[in-house]
Amino acid sequence: MLTTLLTAAAVLTLDIVTKLIVMSRMVEGQALPVIHDLFTLHYVRNPGAAYGLLTGQRWILATLAAAVVVGMLYYARQTQGRLERLALGMLLGGALGNLHDRLRWGMVTDFLEINPLVFVFQVFNVADMGITFGVIGLLWYIWRHPSAKHGD
């Protein structure tokens, strides 16, 4: 459980700090190319979920995120493998990072953009990366340990 909580704290802290830096140094809508035609810092605010789903439904999204956090904390008490604990920590930190934004500002701050010709991503943030890598890690763990009990 400690590994999960420390990983979640690291992702949450990195997410909040990077968002505060972007909000203090950029203007909403501003885009700064970092790697020509590949990677851009692009400050946007997202009032919905991924791909604009549930736009303006702050409390529904916050309630869903809080329920997911509670479920992950319950699941974390029963994790077995190191990768499983790390992946769950990334998921938890990411969920908390975006929940923090929704509760504090009513929307999520995004600022990382990869050229759509390379990847099909919209603008995202560190919390989204934690969630993505956490899901990949959990799926990898489950695939590699099919007989392990997951959350039972």
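Residues numbered from 1 in each chain as written. Predicted model: local features only at pLDDT ≥ 70, side-chain atom pairs only at ≥ 80, totals over all residues. Heavy atoms only, no water.

Caption draft 1: Representation of the sheet that holds strand β2 (residues 39-46). Strand order in this open sheet of three strands is β1-β2-β3, and the pairing throughout is antiparallel. Each having just a single partner strand, β1 (31-35) and β3 (108-114) make up the two edges of the open sheet. Direction aside, the axes of adjacent strands within the sheet are offset by 30° on average. Where β1 lies against β2, four bridges are found, and the strand directions are antiparallel. Residue pairing for β2: isoleucine 35 is matched across the bridge by phenylalanine 39. Relative to β3, helix α1 (residues 2-25) is tilted by about 85°, and along the sheet it contacts β2 and β3. (Pairing = 2+ DSSP bridges. Helix = DSSP H or I, 4+ residues; strand = E, 2+ residues; numbered from the N terminus. Axes fitted to C-alpha atoms, helices over the stretch in contact; angles between N-to-C directions. Contact = heavy atoms within 4.5 Å.)

Caption draft 2: Quick peek at the pattern of salt bridges. In the structure shown here, the tally under the stated rule is two salt bridges. Aspartate 15 is paired through a salt bridge with lysine 19; the nearest N and O atoms lie 2.8 Å apart. Linking aspartate 15 with lysine 19, this pair stays in helix α1, spanning four residues, or about one helical turn. Exposure class is identical for aspartate 15 and lysine 19. Each is buried. When the shortest N-O distance is used, the salt bridge between aspartate 101 and lysine 19 registers 2.9 Å. With aspartate 101 in helix α3 (residues 82-105) and lysine 19 in helix α1, this pair connects stretches of sequence that are 82 residues apart. By relative accessible area, which is 0% here, aspartate 101 ends up buried. Judged by its relative accessible area of 1%, lysine 19 falls in the buried class. Salt bridges linked by common partners bring Asp15, Lys19 and Asp101 together as one network. (Salt bridge = Lys/Arg side-chain N within 4 Å of Asp/Glu carboxyl O. Buried < 20%, exposed > 50% of the residue type's maximum accessible area, 1.4 Å probe, protein only.)

Caption draft 3: How the structure looks around a nonpolar patch on the surface. Judged by side-chain polarity, Met1, Leu5 and Leu73 come together as a nonpolar surface patch covering roughly 220 Å² of accessible area. Positionally, methionine 1 belongs in the segment before α1. (Patch = residues over 30% accessible without salt bridge, like charges linked within 9 Å, V, L, I, M, F, W, Y side chains within 5 Å. Areas by Shrake-Rupley, 256 points an atom, 1.4 Å probe, with all protein chains shown as cover.)

Caption draft 4: Representation of the nonpolar core. Core analysis: the biggest nonpolar cluster contains 11 residues, these being Ala8, Val69, Met72, Tyr75, Ala76, Ala87, Leu88, Leu91, Leu92, Ala95 and Leu138. If you list the elements that add at least two residues to this core, you get α2 (58-76) and α3. Each residue touching alanine 76, except ones within four places of it in the same chain, is listed here: Met1, Thr4 and Leu88. Membership of the second largest hydrophobic core comes to nine residues, among which are Met23, Phe111, Leu112 and Ile114. (Core = buried A, V, L, I, M, F, W, Y, C linked by side-chain atoms within 4.5 Å.)

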